[in-house]
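# Breakdown of the fold
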Amino acid sequence: MKTEICREESLDIYFDRLDFLLKDFVRFAWTSGPAERVWGPRFSRVGAAVIRCEWMAVKFKLRRCALFHFCDQEIERYSREWAAQRLSWKLLRDRTPRIGTWWLNVRLRRGRPSRTIVLGNDLDIADFEQAWDDQDHESIGRLLGYPQCCRSFFEDVAVRQRCVDTVWAMSKGRENVSSDEFSRSVNGQAASNILLQSLGIRAVPHAPCSFGCRGTALLAHDLMRVAHEIGLRDEYEWLSSILSWPAEWSGLHGIAEIATPIIKICIPTDATGRKYTVRWNGTATPEEGANGLVFPFKLPSSSHNTNALVWPTSAADAAAKR
Ligand SMILES: [Zn+2]
């Protein structure tokens, strides 16, 4: 099925979409040495655990298929484990742009070519391959266990409107920051926080339709149960912490910047003439988080003191200032 780019349709999501897309890249920087020392190894373990749970969920029959982009060495390593679990797999004909799962991943940006691979049982793989060749996104999403609302969202945003980034679309209807219609503030379940997906940090393998999607939360819960079952409890507790940190996504001229208290990331996004911002408010800031005066950083302790001096909080404080 051929999908035409239609400027009128694009207006649904962006006010001023531009017709170019920057080449793939993922850049990231830790906000401090302690942040990297503590969270660097944890990010690696979480990323590996996420992949393992996504395919073990097929073994546990929580989803029929799993889809990945792997380089040859990874395929060789994982295929031994899949064989031991009696799962089948198949390399798929590559599609451009890549669909059905996250294709922009820092693991794949190290100059190693990757291949698209599906695993499951033989019958489901045959169904999947047919859907893949037909570009039948509804069937692809169903076989991968994605919620129906998110399958429709993907068809609209990624297929019909050809967005490569779904963050602005999934924040639709959320409250504006300081009455700025291009800046939104979101709360919700950590399961729908996909802002760090380019580092392999994700609770679900798909693009959620919103920050409050119930189907996404249920799938994330299933994957967490798998993690607990196969001894990856620590990794999923770290994942839960990371996804609850405050974060800010902003997109301008085709570049998205994602800032968290621990790490900053730069990746391509849909090109727009003005800056769009989504603030994920989060619920906890990590101990190693960087200080700063703007969101999502925490105020340095001296700022708290300054605040207390300006607005004394008790009668004793007030008396001391007279
Ligand atoms: Zn959904």
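Since the structure is predicted, the reported quantities are computational estimates derived from the model, not experimental observations.

### Focus on the overall build of the protein chain
Helix and strand counts for the protein chain come out as eleven helices and ten strands. Of the contacts made within the protein chain by residues no fewer than 6 positions apart, 72% connect residues no fewer than 24 positions apart.

### Side note on the nonpolar core
In this structure, C53, C65, A66, L119, F128, L195 and L223 are the most contacted members of the largest nonpolar core, which totals 77 residues. It is helix α2 (residues 33–59) that provides the largest number of residues to this core, a total of eleven residues. For F128, the residues in contact, after removing those within four places along its chain, are C65, V118, G120, I140 and L143.

### So, the sheet that holds strand β10 (residues 276–280)
Taken in spatial order, the seven strands line up as β1-β9-β8-β7-β10-β6-β5 in an open sheet, and their pairing is mixed. Single-partner strands in this sheet number two, and they are β1 (27–30) and β5 (176–177).

### Points about unusual backbone geometry
The backbone phi angle of S179 is positive, close to 60°, even though this residue is not glycine. As for its position among the elements, S179 is in the loop between β5 and β6 (180–186). Since 6 C-beta atoms lie within 10 Å of it, S179 is described here as exposed. Its identity as a non-glycine residue notwithstanding, H253 has a phi of 55°, on the positive side. In this structure, H253 sits in the loop between β7 (247–252) and β8 (255–259). For H253, a count of 13 C-beta atoms within 10 Å gives the class partly exposed.

So, how was this worked out
Residues numbered from 1 in each chain as written. Predicted model: local features only at pLDDT ≥ 70, side-chain atom pairs only at ≥ 80, totals over all residues. Helix = DSSP H or I, 4+ residues; strand = E, 2+ residues; numbered from the N terminus. Contact = placed C-beta atoms within 7 Å. Core = buried A, V, L, I, M, F, W, Y, C linked by C-beta atoms within 7 Å. Buried ≥ 20, exposed ≤ 12 C-beta atoms within 10 Å, placed from the backbone. Pairing = 2+ DSSP bridges.

Function-wise, these values are silent; they only describe arrangement.
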